[in-house]
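Report on the structure
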Amino acid sequence: MELPDREICYRALQSRDARFDGLLFVGVTSTGIYCRPVCPARTAKFENCRFFGSAAAAQEAGFRPCLRCRPETAPDLASWRGTSNTVSRALALISDGVLDGERASIEALAQRLGLGERQLRRLFMQHLGASPISVAQTRRVLFAKQLIHETQLPMAEVALAAGFGSVRRFNEIFRELFHRPPSALRRNVPASPPGAEAGVTLRLRYCPPYDWESMLGYLRARAIAGVEVVENGSYRRTVEIDGFTGSVQVAHLPQQKSLGVTIWFPKVRAFPAIVSRVRRLFDLGADIETIDAHLSRDPLLAPLVAKRPGLRAPGGWDGFELAVRAILGQQISVAAARRLAGQLVALHVKPVAAGHRGNSRLSHLFPTAERLASAKSIGLAMPAARQRSLKALAEAAAANPSLFRLSGSIEEAIVRLRAIRGVGEWTAQYIALRALREMDAFPASDVGLLRGAATMDGTRSNSASLLTRAESWRPWRAYAAQHLWAADAAAIPTPRSAHE
């Protein structure tokens, strides 16, 4: 695993350089504690410092998390460290809890990714300095520690929410790491848990800058009535996981370089999945300075990047939902696609329990693949061919729950998506970008991208020439696409491909 020179790491620690936060952790041999480079504690002697590229590597080496700088609140940038898309996909699956539970195994994770168990272990050691199991355990410990510090949840619910198999195991690990029970880590928090109406609030850090207004504008333009609400500088939406329903609110906390996430949901076990979806939707894992610096090497793209520092590539809350939105948006405006999505929700209604709405305007859930696949008719006023595409998409997603989950390469994902009736190259690339979070996906035939590209040099481009130009933007073409969309006069992606 490659890290900067030890002296560079130490200088970052001495200066408490925030640019290294989330990319570097320091273990202090004299205390047995590992910290973020921004820790306010007195800087340890050089000879007592060991440097790691991930919290999991530090924890696997025998260090315990610092109670002052709280490594669980560092920006989650580990997946951006190297060039391994496989590691990035594996980290996303681990965040979703794929290694939680008694039946979880590295072999099953490796199969999901299309490679052998030994190769997966090697990649994790190369890029993160820790095994997949250590990464999963560290994630559980740090998420539990965050819940202890920031919420009023009882310890038994903290254990369940963090993915521990039992409260006993939860207590054992915390006593082993911190030499005290988990409850001893909670300070100045009332012992009684909040009511359902209050929700549970967490802070999710990001690496600044963050263009919140652009992100909120993207979500506002596409908000589906009853499912999403964008108002007062925040985003709210309904949530359905494993048959249970609730809602979530996300607001910007610029002073803390964080997003404040409030969750109303009856099952705490779903909290990691909900947090993982928020991270993907709001693109919190991006090492945006590195990405912007890379894209700025193109002298014509550089002014667009400089104009919008911190511009993120929004994700999708749910893969199937995003794919439906993409098909609805073929050859029509964003506003028209939004109206159709609202009609779809109204026709295939499933209400949200009032106690877990968080907002009276959140009343319905987006239809599941199973619901649409079993419906006699989609019922929308749109071309029959597109209705058949939606039906085919729903049937494919219902038959294969992993259809919109990370697996294999981006090329394999595009082939898998294009096998669905009505999904052409533009739609497949767009789904890969938003839902699968393939940061090198690039829907080159998009009219908005072509118009945005014309603003760079004043010449008209076609999809072939734009693809050639985009080679130098790899592996972050999705961010280049976002800058081109923003540069377009309408600032929205507009699908073109009539053959789709």
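These notes cover the structure that comes with them. (Residues numbered from 1 in each chain as written. Predicted model: local features only at pLDDT ≥ 70, side-chain atom pairs only at ≥ 80, totals over all residues. Heavy atoms only, no water.)

So, on to the overall build of the chain. When helices and strands are tallied, the chain shows 21 helices and nine strands. Relative to its length of 500 residues, the chain is compact, with a C-alpha radius of gyration of 23 Å against a globular reference of 23 Å. Counting only C-alpha atoms and orienting by the principal axes, one finds that the chain spans roughly 70 × 55 × 45 Å. Buried residues in the chain amount to 57% of all 500 residues. (Helix = DSSP H or I, 4+ residues; strand = E, 2+ residues; numbered from the N terminus. Rg over C-alpha atoms; globule rule 2.2 N^0.38 Å. Buried < 20%, exposed > 50% of the residue type's maximum accessible area, 1.4 Å probe, protein only.)

This part is about unusual backbone geometry. Backbone geometry follows two general trends: most residues other than glycine have a negative phi, and most peptide bonds adopt the trans configuration. Cis peptide bonds are those with omega within 30 degrees of zero, and the linkage from Pro208 to Pro209 qualifies with 5°. Residue position: Pro209 is located in the loop between strand S5 (200-205) and helix H9 (212-222). Even without a glycine there, the phi angle at Asp283 is positive, about 50°. Within the secondary structure, Asp283 sits in the loop between helix H10 (271-281) and helix H11 (288-295). Using a relative accessible area of 3% as the deciding quantity, one classes Asp283 as buried. The backbone of Arg437 sits at a positive phi, close to 60°, despite the residue not being glycine. Its place among the elements puts Arg437 in the loop between helix H18 (425-434) and helix H19 (447-457). Note on Arg437: relative accessible area 14%, which makes it buried.

Side chains carrying opposite charge are able to pair once their charged atoms draw close together. All chains considered together, the criterion is met by 24 salt bridges. Between Arg205 and Asp21 there is a salt bridge, with its nearest N and O atoms 3.8 Å apart. Taken together, the residues span a long stretch of sequence, with Arg205 in strand S5 and Asp21 in the loop between helix H1 (6-14) and strand S1 (25-28) at a distance of 184 residues. Considered together, Arg205 and Asp21 belong to a single accessibility category, that of buried residues. Among the salt bridges present, the one from Asp440 reaches Arg474, with a minimum N-O distance of 2.4 Å. (Salt bridge = Lys/Arg side-chain N within 4 Å of Asp/Glu carboxyl O.)

We now examine the sheet that holds strand S4 (residues 64-65). Here we have four strands laid out as an open sheet, ordered S3-S1-S2-S4, and mixed in their pairing. Among the strands making up the open sheet, the edge pair consists of strand S3 (49-52) and S4. Looking at chain direction, strand S2 (residues 33-35) and S4 are connected through two bridges and run parallel. Pairing of Ile33 across the sheet is with Arg64, part of S4. (Pairing = 2+ DSSP bridges.)

Taken together, five strands build an open sheet; the order of strands is S5-S9-S8-S7-S6 and the sheet is antiparallel. On the outer flanks of this sheet lie S5 and strand S6 (228-231), each paired with one strand and no other. Recorded for the sheet is a direction-independent mean angle of 20° between the axes of neighbouring strands. Pairing of strand S8 (residues 244-253) with strand S9 (residues 258-264) involves seven bridges; the strand directions are antiparallel. When the sheet's bridge partners are listed, Ser247 is paired in S9 with Trp264. Each of S6, strand S7 (234-241), S8 and S9 is contacted by H9, which is oriented at about 135° to S6, the strand it contacts most. (Axes fitted to C-alpha atoms, helices over the stretch in contact; angles between N-to-C directions. Contact = heavy atoms within 4.5 Å.)

Quick look at H19 now. Among the residues of H19, those classed as buried are Gly448, Leu449, Leu450, Gly452, Ala453 and Met456. Here the buried face of H19 lies against helix H12 (302-307), helix H20 (463-470) and helix H21 (477-487). With a side-chain oxygen positioned 2.8 Å from the backbone nitrogen of Gly448, the residue opening H19 is Asp446. Gly458 sits one or two residues past H19 and shows a positive phi near 75°. (Polar contact = N/O pair within 3.5 Å; in protein donor to acceptor, adjacent residues only side chain to side chain.)

Our next topic: the nonpolar core. Grouped together as the largest cluster of nonpolar side chains are 116 residues, with contacts concentrated most on Phe282, Phe404, Trp473 and Leu484. Phe25, Tyr34, Ile106 and Leu109 belong to the second largest nonpolar core, which has 28 residues in total. (Core = buried A, V, L, I, M, F, W, Y, C linked by side-chain atoms within 4.5 Å.)

A separate point is the packing of helix H13 (residues 319-328) against helix H16 (residues 384-399). Where H13 meets H16, the closest approach of the two axes is 10 Å, and the angle between their N-to-C directions is 165°. On the basis of the axis angle, H13 is roughly antiparallel to H16. By crossing handedness, the relation of H13 to H16 is classed as right-handed. The segment H13 lies against H16, with Phe320, Ala323, Val324, Ile327 and Leu328 engaging Arg386, Ser389, Leu390, Leu393, Ala394 and Ala397. Of the residues belonging to the contact of H13 with H16, the class tally is nine nonpolar, one polar and one charged. (Parallel < 35°, antiparallel > 145°, perpendicular 65-115°, else oblique. Left-handed = near helix turned anticlockwise from the far one by under 90°. Nonpolar A, V, L, I, M, F, W, Y, C, P; charged D, E, K, R; others polar.)

This brings us to helix H8 (residues 167-178). With twelve residues, H8 extends 16 Å between its outermost C-alpha atoms, agreeing within 8% with the 16 Å of an ideal straight helix rising 1.5 Å per residue. Turning to H8, its buried residues are Phe170, Ile173, Phe174, Leu177 and Phe178. The buried residues of H8 occupy one face: seen down the axis, they fall within an arc of 100°. Exposed residues on H8 whose side chains face more than 90 degrees from its buried face are Arg168 and Glu176. Looking at the residues trailing H8, positive phi occurs at His179, about 60°. (Expected span 1.5 Å × (residues − 1). Arc of directions from axis to C-beta.)

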